[in-house]
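# Architecture and fold: a report
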Amino acid sequence: MNMRHAPWLALGFTLLLMVAGLPLIASGYVLAVAISMLSFTALAAAWSLFSGPTHYISLATVAFFGIGAYTAAIGGELMPWPLVLVVAGLVGVAVALVVGLSTLRLSGIYFVIFTFGLTELVRQLVTWYEVNIKGTVGRYLFLDIPQAVIYWQLAVLTGAVLLIAWLISRSRLGLAARVIGEDETVARHAGIDTTWAKITLFAISAAFMSVTGAVMAPRWTYVDPAIAFNPMISFQVVIMALLGGTGSLWGPVLGVVPLVLLFEFLTANFPNAFNILLGAVFMTIVYFLPRGVVGLVQDWWPQPVRMPAVTAPRIVDDAVLAVNGLGKSFGGLVAVHDLSFRVEAGQIVGLIGPNGSGKTTVLNMISGALKPDTGSIHLCGRRIDGLLPDRVATLGIARTFQLVRVLGSMTCRQNVEPAIAFRARPSSGNALDETADTLLARVGLAAAKVHMPASQLTYIDQKRVELARALALEPKLLLLDEWLAGLNPTELEEGINLIDSMRREGLSIIMVEHVMDAVRSLCDHCIVMNAGRLIAAGQTTAALADPEVVRAYLGGPDA
Ligand code: ADP
Ligand code: MG
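## What to know about the environment of Ser210
- Topologically, Ser210 is positioned in helix α9 (residues 194-216).
- Judged by relative accessible area, Ser210 falls into the buried class, the value being 0%.
- Sequence separation of Ser210 and Ser171 is 39 residues, and the distance between their C-alpha atoms is 24 Å.
- Each residue touching Ser210, except ones within four places of it in the same chain, is listed here: Phe64, Ile67, Gly68, Ala88, Gly89 and Gly92.

## Notes on unusual backbone geometry
- Even without being a glycine, His55 presents a positive backbone phi close to 65 degrees.
- Examined against the element boundaries, His55 turns out to sit in the loop between α2 (28-54) and α3 (61-75).
- The phi angle at Ala531 is positive, at roughly 45 degrees, despite the residue not being glycine.
- You can call Ala531 exposed: its relative accessible area is 54%.

## Overview of the state of the cysteines
- Counted by the stated rule, this structure contains 0 disulfides.
- Free of any disulfide, Cys523 has its nearest cysteine sulfur in Cys526, 5.2 Å distant.

## Quick look at the coordination of the magnesium ion (ligand 2)
- The coordination sphere of the magnesium ion (ligand 2) contains the protein donors Thr360 (OG1) and Gln402 (OE1), at a distance range of 2.0 to 2.2 Å. With Thr360 in helix α15 (residues 359-367) and Gln402 in the loop between β8 (397-399) and α17 (412-422), this residue pair connects regions lying 42 residues apart in the sequence.
- Classification of Thr360 as partly exposed rests on a relative accessible area of 24%.

## Quick word on the pattern of salt bridges
- What the rule picks out here adds up to 20 salt bridges.
- Between Arg413 and Asp433 there is a salt bridge whose closest N-O contact spans 3.4 Å. Taken together, the residues span a long stretch of sequence, with Arg413 in helix α17 and Asp433 in helix α18 (residues 430-442) at a distance of 20 residues.
- On the accessibility criterion, Arg413 (9% relative accessible area) is buried.
- A salt bridge links Asp461 to Lys449, with the shortest nitrogen-to-oxygen separation between them at 2.6 Å. Of this pair, Asp461 sits in helix α19 (residues 459-471) while Lys449 is found in the loop between α18 and α19, placing the two residues 12 residues apart along the sequence.
- According to the relative accessible area criterion, Lys449 is partly exposed, its value standing at 25%.
- Taken together, the salt bridges that share partners define one network made up of Lys449, Asp461, Arg464 and Glu494.

## Description of the side chain of Arg423
- In this fold, Arg423 is placed in the loop between α17 and α18.
- At 2.7 Å, the side chain of Arg423 and the backbone oxygen of Ala472 are in polar contact.
- Residues contacting Arg423, with those up to four places away along its chain left out, are Thr394, Thr435, Ala472, Leu473 and Glu474.

## Points about the domain arrangement of the protein chain
- Segmentation of the protein chain into domains returns domain 1 (3-300) and domain 2 (321-554).
- Once you take the C-alpha centre of each, domain 1 and domain 2 turn out to be 43 Å apart.
- On the side of domain 2, 22 residues touch domain 1, which itself brings 16 residues to the contact.
- Here domain 1 and domain 2 share an interface that buries about 1700 Å² over both sides, 68% of which is from carbon and sulfur atoms.
- On the surface where domain 1 and domain 2 come into contact, there are 2 salt bridges.
- Linking Asp183 and Arg405 is a salt bridge whose minimum nitrogen-to-oxygen distance equals 2.7 Å.
- At the junction of domain 1 with domain 2, the criterion picks out 5 residue pairs in polar contact (both at pLDDT 80 or more).
- Elements that contribute at least two residues to the side of domain 1 that touches domain 2 include exactly α7 (172-182) and α8 (184-189).
- At 6 residues, the largest contribution of residues to the side of domain 1 that touches domain 2 is made by α7.

## A short note on the environment of Cys526
- With respect to the helices and strands, Cys526 occurs in strand β11 (residues 525-530).
- The class of Cys526 is buried, set by a relative accessible area of 1%.
- When the C-alpha positions of Cys526 and Thr438 are compared, they lie 31 Å apart, and in sequence the two are 88 residues distant.
- With residues up to four places along the chain from it excluded, the contact list for Cys526 reads Gly350, Ile352, Val519, Ala536, Ala537, Gly538, Thr540 and Ala543.

## Some details on the site of ligand 1
- Neighbouring residues of ligand 1: Phe330, Leu333, Ala335, Pro354, Asn355, Gly356, Ser357, Gly358, Lys359, Thr360 and Thr361.
- One of the side-chain N or O atoms of Thr360 is found 2.7 Å from an oxygen atom in ligand 1.
- Protein coverage of the free-state accessible area of ligand 1, which is 550 Å², stands at 60%.
- Of all the elements in the fold, those that place two or more residues in the shell around ligand 1 are β4 (333-343) and α15.

## Things to note about the sheet that holds strand β7 (residues 382-383)
- Spatially, β4-β3-β6-β7 is the arrangement adopted by the 4 strands of the open sheet, whose pairing is antiparallel. Strands with a single pairing partner mark the edges of an open sheet, and in this sheet they are β4 and β7.
- Relative to strand β6 (residues 374-379), strand β3 (residues 321-330) runs antiparallel, the two being bridged by 5 bridges. By the bridge assignment for β6, Ala322 is matched with His378.

## Remarks on the side chain of Gln236
- Inspection of the secondary structure puts Gln236 in helix α11 (residues 231-244).
- Look at Gln236 and you get buried, because its relative accessible area is 10%.
- When near neighbours in sequence (up to four residues on either side) are disregarded, Gln236 contacts Phe40, Phe263, Phe274 and Leu278.

## Considering α9
- With 23 residues, α9 should reach 33 Å at 1.5 Å per residue; the first-to-last C-alpha distance of 33 Å fits that figure.
- With 19 of its 23 residues buried, α9 lies for the most part within the structure.

## Concerning the pairing of β3
- Burial runs high along β3: 7 of the 10 residues are buried.
- Sheet topology places β3 next to β4; 7 bridges connect them, and they run antiparallel. If you follow Val323 over to β4, its bridge partner there is Phe341.
- Once β3 ends, the chain turns through 2 residues before running back antiparallel as β4, passing Gly331 with a positive phi of about 60 degrees.

Criteria and thresholds
- Residues numbered from 1 in each chain as written.
- Chains lettered and ligands numbered in written order.
- Predicted model: local features only at pLDDT ≥ 70, side-chain atom pairs only at ≥ 80, totals over all residues.
- Heavy atoms only, no water.
- Helix = DSSP H or I, 4+ residues; strand = E, 2+ residues; numbered from the N terminus.
- Buried < 20%, exposed > 50% of the residue type's maximum accessible area, 1.4 Å probe, protein only.
- Contact = heavy atoms within 4.5 Å.
- Disulfide = S-S within 2.5 Å.
- Donors = N, O, S within 2.8 Å, 3.2 Å for Na, K, Ca; no water.
- Salt bridge = Lys/Arg side-chain N within 4 Å of Asp/Glu carboxyl O.
- Polar contact = N/O pair within 3.5 Å; in protein donor to acceptor, adjacent residues only side chain to side chain.
- Domains from an automatic or database assignment.
- Buried area = accessible area lost by both parts, 1.4 Å probe.
- Near = heavy atom within 4 Å.
- Areas by Shrake-Rupley, 256 points an atom, 1.4 Å probe, with all protein chains shown as cover.
- Pairing = 2+ DSSP bridges.
- Expected span 1.5 Å × (residues − 1).

This is the structure we're talking about:
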């Protein structure tokens, strides 16, 4: 054990003793407030586990909490208590899986509204069941569990949520969630199965919320759907998590303690104005502390800087891409029509044509972002058209975007690491940092910038980071969509040398490009498109001299 950690361990242990021992010295009101704090901490930490990194704001907290409470109300007299808690967790997971599979395709405000609607739906279903099947609205609970025991259960539960959240934050799943929160498209193209990641996290989070509901149920002697599914709980949990800051494990704890105390104070002193004050608190937090208390602390806490190691070689197989009869329409517009071409190992193929001729659409189909209407795409003999982007990425196709896409609030290193972690042959642990730094050095990013958030980089450096992320997949084929566009003459020369060096290492590349000097010096072969059709293909000088190509370019707006 490291001696530097000793004071922290001592502090942690003391805190633990204080938390565990509280019911022995406190009772009544103090214990009730402590129970409230623990249950909200468990809920807020469970909420943050999913919503924090993914930025999918869920208002379904109370749906799962209520499901847990009802499981306890119904099962409490039928089975032993530990089993009740397990069943509550399982029911929560089951509902989360069903809901997740149908809704996690929604994003932004649609997801928020759906989760709110879900709570209402569950509440109405339970009400319907109680009224029509049981013949009453609410039910009485005869679960004789002392306050102290509820408190201890919650303490263990909260510890478990924090532990699991910590483990997840260090795992590939945690990394996946952070990238999803930044840019879901990039996540897919970095090889991340985003559906799997979101559903897994949503279900884990739901399980903890349901168990919290079950543990809390015995505090009520009477429960009805309006109590168990009170939407205010969902909102309170969001406020608490936001106040603490969702970026860190300690965020929920930091947010819950002051807010539970504030809520207690407000309900005691201004019972009638409580909801109005709650709204004011919500707005203040979002306005002044968008990244929470933890964000405030992190701004003042400098991050250490480490130096990267240098270049790694690459190895390559033969024949790479075969595209046959590829077609795609958007409504009535034929963006790509009957396109066929091949890319041999180690070739750089230029894909050129006037704006709107369908070049990006071709790259989107090859990388899995779009499903072709017709035709086939084979990567090293294996058919890949119609596969999702993350599958295509792990099979060996990496891409950059025409409008550069970096994960703005993550550091350069963190931009690159997910692709390393999710590629076909992942490297892990410390190797992850080193591999990322090597790649960033490889694309010419200054070592001092490795820990800088990508949003603070210059345009060329953002393009470098994007390229490093693509190379991190160890691709067989790299798709560059106007990677050289917008660079000044010096940067352009650096960029050309960089792409040239990748060719010399044997990487196959398709580059969409308007800079003709670059096309001439880098591309062995060229494909020329106009209005979705192939108008010339072959050795670069010959293809560019083709009369139809000359006409298309001279006739087009950006000749
Ligand atoms: P290029 O990259 O060669 O400039 P694109 O492939 O981006 O061209 O676009 C080809 C045509 O398809 C354009 O007319 C464009 O407006 C259209 N298009 C591209 N993507 C979409 C889309 N997602 N929905 C509708 N139309 C699209
Ligand atoms: Mg384009």
